Amino acid sequence: MYFEKLTHWALFLALAFVVSTAFGQQPVARKNMLNSGLAEVQMTSKLDLQTIDRMGGNIDWVQGNVARVYLLPEDFEQLRASGFSLQWIPDEGKLSLQDLWEKTRHTRDPLDAYHTNDEIRTQFALWQAAYPTLFKYDSIGMSVLGRPLLVAKLSDYVTTDEPEIEVKYVANMHGDETVGKENCLRFIDTLLTGYGIDPELTELMTDYEMWFLPLMNPDGNYSSSRYNANGYDLNRTFPDRCDDSVNTTTGRPIEVANVMNWTASRNFVLSANFHGGALVANYPWDNNCTGGDVYAPTQEDCLFVYIARRYSYYNTPMWNNSAFPPCGITHGADWYELSGGMQDWDYVWMGDRELTLEISNTKNPAASQLEQFWRDNRQSMRYYLLEAKYGVRGTVTDVVSGLPLRASISVNSIPYLTFSSALHGEYYRMLRPGTYSISFSVPGYGSQTHSVTVAPNSYTTLNVQLGLPPDIAVSPDTIRTTVGRCSNGSASYTIINNGAGPLTWSAVEGYTNYSGYGSAVGGDWRFIDSDQSDGPVYAWKDISSAGTLVSFSSDDQTLGPYSVGFSFPYFGQAHTTFRICGNGWISFTSTSTAYENGMLPSSGAPLNMLAAWWDDLSPQRSGTQVRYWSNNSDTLVVTFSNVQSYSGSGLYTFQFILLSSGKIVYQYNSMGTLRLNSSTIGLQNAAGTKGMAVINNQTYIHDAMAIEFCPHSMITPAPLAGTVAPMSSQSYAVSVNTCCVPLGTIAGILAISSNDPDSPTLHVPVVITVVDAPPDPVTDLTIYSEGTNALLKWNPVPTASGYLVYRMSGAEQDYSTGELLTLVPITATSYTDTVTAAAAGVRFYQVVSVR
Ligand SMILES: [Zn+2]
């Protein structure tokens with residue numbers, strides 16, 4: 001039966017060996033201490049500990065200015081030669097254990113209540129037979145002299161590896177420090193008999209998988225030695241982050257290698273190793289990498305101090321130990337620094353928080369005292385393990401398959417990782433109350449970082465699904481299209497997913513990256529003026545007779561609201577009313593009377609503002625007229641005529657034209673030459689966050705000038721988001737609008753965000769060539785006379801979006817010198833010119849199609 005188990009474990013060890021050698025190979029040079037003795041060394045300061053360590057001493061214990069040190073005879077002489085005061089002392093631990101052995105060897109119960117490794121095996125077999133669903137044991141390998149390292153597992157459904165909190169207690173790694181071994185056995189007995197009766201013990205059995213290695217150093221125990229059979233100190237020969245940082249079993253004592261492989265095969269959350277010779281709970285670091293015996297906290301010092309106190313709290317002699325005030329705990333290196341301890345290794349490489357618990361000042365007290373040591377520790381042993389449940393926990397799985405993933409989990413960028421289990425994907429990370437940034441990564445998968453808050457004495461569940469990463473590419477590298485002036489065009493592009501996971505992408509409306517003429521803040525608007533050869537045509541709309549007069553009675557008034565006459569789209573909102581401020585601006589919502597012009601956009605300026613000539617104006621003075629006019633269909637005009645500045649300089653005539661398409665035109669009829677550098681022309685949205693200023697106190701405007709504002713984004717992807725399957729591609733369209741854009745080549749950017757971890761946002765260049773496409777001619781224009789009116793009819797032009805009608809009086813001439821009758825292109829193929837009798841006479845008409 002037993003040898004069958006060994007075969008099973010031999011297979012496991014072979015696997016684990018492959019894993020561990022993958023870390024690299026680093027031989028470990030530790031001293032064989034078989035011929036050592038125990039010495040007491042007088043120190044002048046704690047700095048002497050470094051010298052003792054360097055000269056080959058294995059420090060066992062420090063109190064005040066005395067260090068107890070294991071020394072080889074030659075190192076003893078070397079220390080004496082260098083001026084230390086030291087003397088050999090009896091190794092009481094070794095002697096008393098030898099004495100016990102001499103008295104009892106070969107008897108049935110050689111150490112009274114102490115257990116040999118063979119007796120542990122016998123006891124384990126009894127428990128396994130009695131509690132087959134709660135207890136099982138195995139060997140994790142052999143000692144130097146071929147003694148099995150016996151490990152017990154306790155849990156409900158003990159033969160199943162459940163996604164539960166894994167904890168371990170290891171004892172007697174120093175062969176002559178024996179109390180922990182006996183306490184482990186008593187704790188196991190308590191758990192088995194208390195299961196289903198005691199709620200806390202039942203919780204431990206139900207929610208935890210508890211592992212015990214009561215005798216890590218059986219050879220040392222049999223020979224009454226601290227060391228293993230080859231003279232190595234098992235608590236000085238683990239990998240060490242400071243001076244032996246290659247995590248390999250190569251070259252290490254076989255007991256250490258076996259424990260490393262076993263630990264690496266589990267997912268321990270919390271553990272402790274038991275020692276004797278002092279009474280204190282010792283927490284990392286044991287080695288602070290400085291060579292000095294000083295307090296060098298881990299990045300989780302708060303947690304380590306807390307759990308050390310939790311153990312000590314229930315152990316009254318430890319808690320009250322005046323040698324380690326307060327609370328009977330110590331930071332390892334603050335007491336004395338050591339390299340190669342199991343505690344630091346567990347934390348650095350295994351994601352396991354471990355304490356070194358010194359539980360008896362006498363290394364192996366008389367067996368009659370074991371009952372008292374058990375009483376001192378039994379509460380501590382349960383409450384310590386119960387701490388492992390607090391923090392954050394959950395599972396890490398593949399988002400597609402749902403299969404568990406072994407992830408590396410880091411908290412607040414602390415380099416010492418926790419791992420989820422490969423079998424179930426579960427993880428447990430102990431944390432004190434607080435908010436943490438926690439990152440999950442699996443090779444080949446996209447990483448994730450989450451913020452998690454842990455409440456006191458509680459745990460937070462965070463389940464994470466990781467996906468294989470997608471890999472985005474866009475074809476062509478540059479999207480190119482040729483579009484007529486002020487028209488809509490389109491281009492197609494392909495999103496390619498070369499990755500193993502699904503690609504989800506979204507695009508924002510593209511923008512042009514030229515920052516000069518006509519650029520806009522936020523990309524929502526752009527403008528072009530009539531001075532550009534391809535800009536709008538200045539065509540004053542005279543509403544001096546048709547418009548409604550707005551009477552300002554004093555300076556700085558805002559009047560209204562007035563009806564737009566149709567629904568006007570502006571920054572995603574529809575407006576049907578507006579107000580007029582006497583200071584040269586209108587707004588759909590603002591009742592401000594702001595006269596001091598400023599930069600746009602600005603939350604400090606009137607909101608939803610259209611500023612054709614924002615300056616301190618005085619429209620109440622005689623000679624000024626402010627009028628508005630709407631055709632109640634698609635056109636609103638607001639005109640300021642002959643308005644003076646507040647200071648009395650200048651005489652300005654300008655107008656706003658709003659079209660139901662959303663287009664805005666400001667026109668400047670007569671602006672004179674005075675005070676032209678002290679106004680703002682622009683517009684902004686309802687929050688003052690988007691918009692633009694054409695000028696802000698610059699000289700720019702002149703008579704007979706038009707500025708056209710276009711609201712649409714230049715580059716609009718359709719759709720705005722999508723998904724592309726792994727190793728696949730999909731074609732998409734992007735529409736392009738060239739209104740308010742000069743002729744020539746415009747460079748733009750289409751920004752595509754995706755879940756490709758290497759390329760969160762891809763900027764795809766878009767090159768738009770704007771060409772002047774001449775209008776197609778209107779054919780079959782017929783004019784009918786209806787009284788003094790003229791009715792014009794013509795055939796539809798397929799490429800036309802509308803038509804402009806011009807009237808020339810007296811002579812046939814080019815339309816560009818005529819009077820524009822249609823303020824905006826009309827879509828009908830007929831037009832009635834209502835002419836007063838006074839205007840009767842010979843007239844010529846021209847109809848021009850607009851693309
Ligand atoms: Zn020890």
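What you see is a predicted model; the values in this text were computed from it and never measured.

**Quick word on the pairing of strand E42 (residues 728-737)**
Then step 1. Bridge analysis of strand E23 (residues 488-497) against E42 gives ten bridges, and the strand direction is antiparallel. Looking at the pairing, Ser 490 lines up with Ser 735 of E42.
Then step 2. With four bridges connecting them, strand E40 (residues 715-718) and E42 associate as antiparallel partners. Residue pairing for E42: Thr 716 is matched across the bridge by Ser 735.

**Notes on the coordination of the zinc ion**
Then step 1. Protein-derived ligands of the zinc ion are His 174 (ND1), Glu 177 (OE), Glu 177 (OE) and His 275 (ND1), with the metal-ligand distances lying across 2.0 to 2.7 Å.
Then step 2. Around the zinc ion sit four donor atoms, and with donor-metal-donor angles ranging over 53 to 152 degrees the site reads as irregular.

**Examining the domain arrangement of the protein chain**
Interface size is often expressed as the accessible area that is lost when the parts come together.
Then step 1. Each domain of the protein chain was delimited in the assignment, giving domain 1 (2-25 + 94-389), domain 2 (37-89), domain 3 (391-466), domain 4 (472-510 + 714-771), domain 5 (547-710) and domain 6 (782-850).
Then step 2. Across the domain 1/domain 2 interface, buried area totals approximately 1100 Å², and carbon plus sulfur atoms make up 39% of it.
Then step 3. The largest per-residue losses of area from domain 1 upon contact with domain 2 belong to Asp 293, Trp 335 and Tyr 336, which jointly make up 40% of the total buried on that side.
Then step 4. If you look at where domain 1 meets domain 2, you find two salt bridges.
Then step 5. Arg 226 is the salt-bridge partner of Asp 60, the closest N and O atoms lying 2.8 Å from each other.
Then step 6. Applying the counting rule to domain 1 against domain 2 returns ten residue pairs in polar contact (both at pLDDT 80 or more).
Then step 7. For the side of domain 1 that touches domain 2, the residue count by class is five nonpolar, three polar and eight charged.

**Details of the sheet that holds strand E2 (residues 58-63)**
Then step 1. A sheet is described by the order of its strands in space; here four strands give the open sequence E2-E3-E1-E4, paired in antiparallel fashion. The open sheet has two edge strands with one neighbour each: E2 and strand E4 (85-88). Ignoring strand direction, the axes of neighbouring strands in this sheet form an average angle of 25 degrees.
Then step 2. Sheet analysis places strand E1 (residues 37-42) next to strand E3 (residues 66-71), joined by six bridges and oriented antiparallel. Of the residues in E3, the one forming a bridge with Val 41 is Ala 67.
Then step 3. Relative to the sheet, helix H3 (residues 73-81) contacts E1, E3 and E4, its axis offset from that of E4 by approximately 155 degrees.

**Concerning the environment of Leu 279**
Then step 1. Its location among the elements puts Leu 279 in strand E10 (residues 278-283).
Then step 2. Placed 80 residues apart in sequence, Leu 279 and Ile 359 show a C-alpha to C-alpha distance of 4.9 Å.
Then step 3. Leave out the neighbours within four places in its chain, and Leu 279 touches Pro 317, Met 318, Asn 321, Phe 324, Glu 358, Ile 359, Ser 360 and Asn 361.

**What about the packing of aromatic side chains?**
Then step 1. Enumeration according to the criterion identifies 46 aromatic pairs in this entry.
Then step 2. When the centroid spacing of 5.7 Å and the interplanar angle of 40 degrees are considered together, the rings of Trp 613 and Tyr 652 count as tilted. A residue pair is termed long-range when its members are at least 10 positions apart, and Trp 613 in strand E31 (residues 609-614) and Tyr 652 in strand E35 (residues 652-659) qualify at 39 residues.
Then step 3. Classification of Trp 613 by relative accessible area gives buried; the value is 0%.
Then step 4. Taken together through their ring pairs, the aromatic side chains of Phe 527, Trp 613, Phe 640, Tyr 652, Phe 654, Phe 656, Tyr 666, Tyr 668 and Phe 709 make up a single cluster.

**Quick look at the confidence of the model for the protein chain**
Then step 1. For the protein chain, the average pLDDT comes to 87, and 91% of its residues sit at 70 or higher.
Then step 2. Contacts from residues 1-29, a stretch scored under 50 in pLDDT, to residues over four places away or in other chains number 45 contacts.
Then step 3. Scored below 50 in pLDDT, residues 513-517 shows twelve contacts in the model against residues more than four places distant or in partner chains.

**A few points about the state of the cysteines**
By definition, a disulfide is the covalent link that joins the sulfur atoms of two cysteine residues.
Then step 1. Counted according to the given criterion, the structure contains one disulfide.
Then step 2. Just so you know, Cys 327 is unpaired, no disulfide at all, and the nearest cysteine sulfur is the one on Cys 302, 13 Å from it.

**Remarks on the sheet that holds E42**
Then step 1. Read from one edge to the other, the open sheet built from four strands follows the order E21-E23-E42-E40, with strand pairing classed as antiparallel. Here the strands that pair on one side only, and so sit at the sheet edges, are strand E21 (472-475) and E40. Here the strands of the sheet are splayed against their neighbours by 30 degrees on average, with no regard to which way each runs.
Then step 2. In the sheet, E21 pairs with E23 via four bridges, with the strands oriented antiparallel. From the neighbouring strand, Ala 473 faces E23, where its bridge partner is Ile 496.

**A word on a nonpolar patch on the surface**
Then step 1. Where nonpolar side chains cluster on the molecular surface, the patch consists of Val 144, Leu 145 and Ile 254 and spans about 240 Å² of accessible area.
Then step 2. According to the relative accessible area criterion, Ile 254 is partly exposed, its value standing at 36%.

**Digging into the nonpolar core**
What tends to happen in soluble globular proteins is that the nonpolar side chains get buried as a cluster.
Then step 1. Judged by nonpolar contacts, the single largest core of 82 residues is most densely connected at Phe 124, Leu 154, Tyr 169, Phe 187, Met 210 and Met 216.
Then step 2. The residues contacting Phe 187, other than those within four sequence positions of it, are Tyr 169, Leu 201, Leu 204, Phe 212, Trp 374, Met 381, Arg 382 and Leu 385.
Then step 3. Within the second largest apolar cluster, 42 residues are counted, among which are Phe 552, Ala 612, Ile 681 and Val 694.

**Comments concerning the environment of Arg 406**
Then step 1. Turning to its location among the elements, Arg 406 is positioned in the loop between strand E13 (391-398) and strand E14 (408-411).
Then step 2. A relative accessible area of 38% means that Arg 406 is categorised as partly exposed.
Then step 3. Put simply, Arg 406 and Val 442 are 36 residues apart on the chain and 6.9 Å apart in space, counted from C-alpha to C-alpha.
Then step 4. Here the side chain of Arg 406 touches Asn 267 through a polar contact of 3.3 Å, side chain to side chain.
Then step 5. Among the polar contacts made by the side chain of Arg 406, one reaches the main-chain carbonyl oxygen of Ser 420 at a distance of 3.3 Å.

**Thoughts on helix H9 (residues 254-265)**
Then step 1. Helix length check: H9 (twelve residues) gives 17 Å between terminal C-alpha atoms against 16 Å at 1.5 Å per residue, within 8%.
Then step 2. Of all twelve residues making up H9, nine are buried, and the element is well covered by its neighbours.
Then step 3. Restricting attention to buried positions, one finds in H9 the residues Glu 255, Val 256, Ala 257, Asn 258, Val 259, Met 260, Asn 261, Trp 262 and Thr 263.

**Let's talk about the pattern of salt bridges**
Then step 1. Taken as a whole and judged by the stated rule, the model has 29 salt bridges.
Then step 2. For Arg 266, the salt bridge goes to Asp 161, with nearest N and O atoms at 2.9 Å. Taken together, the residues span a long stretch of sequence, with Arg 266 in the loop between H9 and strand E9 (268-275) and Asp 161 in the loop between strand E6 (148-154) and strand E7 (165-171) at a distance of 105 residues.
Then step 3. With a relative accessible area of 16%, Arg 266 lands in the buried category.
Then step 4. Overall, the relative accessible area of 26% leaves Asp 161 in the partly exposed class.
Then step 5. One salt bridge in this structure joins Glu 300 and Arg 429, with 2.8 Å as the shortest N-O distance. On the criterion of sequence distance, the pair formed by Glu 300 in the loop between E10 and helix H10 (301-313) and Arg 429 in strand E16 (residues 426-430) is long-range, its members being 129 residues apart. You'll find Glu 300 and Arg 429 in the same group, each marked buried.

**Topic: the environment of Gly 93**
Then step 1. Of note, Gly 93 is situated in helix H4 (residues 92-104).
Then step 2. Apart from the residues within four sequence positions on either side, Gly 93 is in contact with Asp 176, Lys 363 and Asn 364.

**Description of unusual backbone geometry**
Then step 1. Here the residue pair Ser 475 and Pro 476 is connected by a cis peptide bond, since its omega of -5 degrees sits within 30 degrees of zero.
Then step 2. Note on placement: Pro 476 falls in the loop between E21 and strand E22 (479-484).
Then step 3. A cis amide bond, omega 0 degrees, links Ala 718 with the succeeding residue Pro 719.
Then step 4. Among the structural elements, Pro 719 can be located in the loop between E40 and strand E41 (721-724).
Then step 5. For Asn 457, which is not glycine, the phi torsion reads 45 degrees and is therefore positive.

**Regarding the side chain of Asn 287**
Then step 1. Turning to its location among the elements, Asn 287 is positioned in the loop between E10 and H10.
Then step 2. Among the polar contacts made by the side chain of Asn 287, one reaches the main-chain amide nitrogen of Cys 289 at a distance of 3.1 Å.
Then step 3. Non-local contacts of Asn 287, meaning those with residues more than four positions away in its chain, are made with Asp 240, Arg 241, Cys 242, Asp 243, Glu 337, Leu 338, Ser 339 and Asp 344.

Rules of the game
- Residues numbered from 1 in each chain as written.
- Predicted model: local features only at pLDDT ≥ 70, side-chain atom pairs only at ≥ 80, totals over all residues.
- Heavy atoms only, no water.
- Pairing = 2+ DSSP bridges.
- Helix = DSSP H or I, 4+ residues; strand = E, 2+ residues; numbered from the N terminus.
- Donors = N, O, S within 2.8 Å, 3.2 Å for Na, K, Ca; no water.
- Tetrahedral: all angles 85-135°; square planar, octahedral: opposite > 155°, others 65-115°.
- Domains from an automatic or database assignment.
- Buried area = accessible area lost by both parts, 1.4 Å probe.
- Salt bridge = Lys/Arg side-chain N within 4 Å of Asp/Glu carboxyl O.
- Polar contact = N/O pair within 3.5 Å; in protein donor to acceptor, adjacent residues only side chain to side chain.
- Nonpolar A, V, L, I, M, F, W, Y, C, P; charged D, E, K, R; others polar.
- Axes fitted to C-alpha atoms, helices over the stretch in contact; angles between N-to-C directions.
- Contact = heavy atoms within 4.5 Å.
- Phe/Tyr/Trp six-rings, centres within 6.5 Å; stacked < 30°, edge-to-face > 60°.
- Buried < 20%, exposed > 50% of the residue type's maximum accessible area, 1.4 Å probe, protein only.
- pLDDT = per-residue confidence, 0-100.
- Disulfide = S-S within 2.5 Å.
- Patch = residues over 30% accessible without salt bridge, like charges linked within 9 Å, V, L, I, M, F, W, Y side chains within 5 Å.
- Areas by Shrake-Rupley, 256 points an atom, 1.4 Å probe, with all protein chains shown as cover.
- Core = buried A, V, L, I, M, F, W, Y, C linked by side-chain atoms within 4.5 Å.
- Expected span 1.5 Å × (residues − 1).

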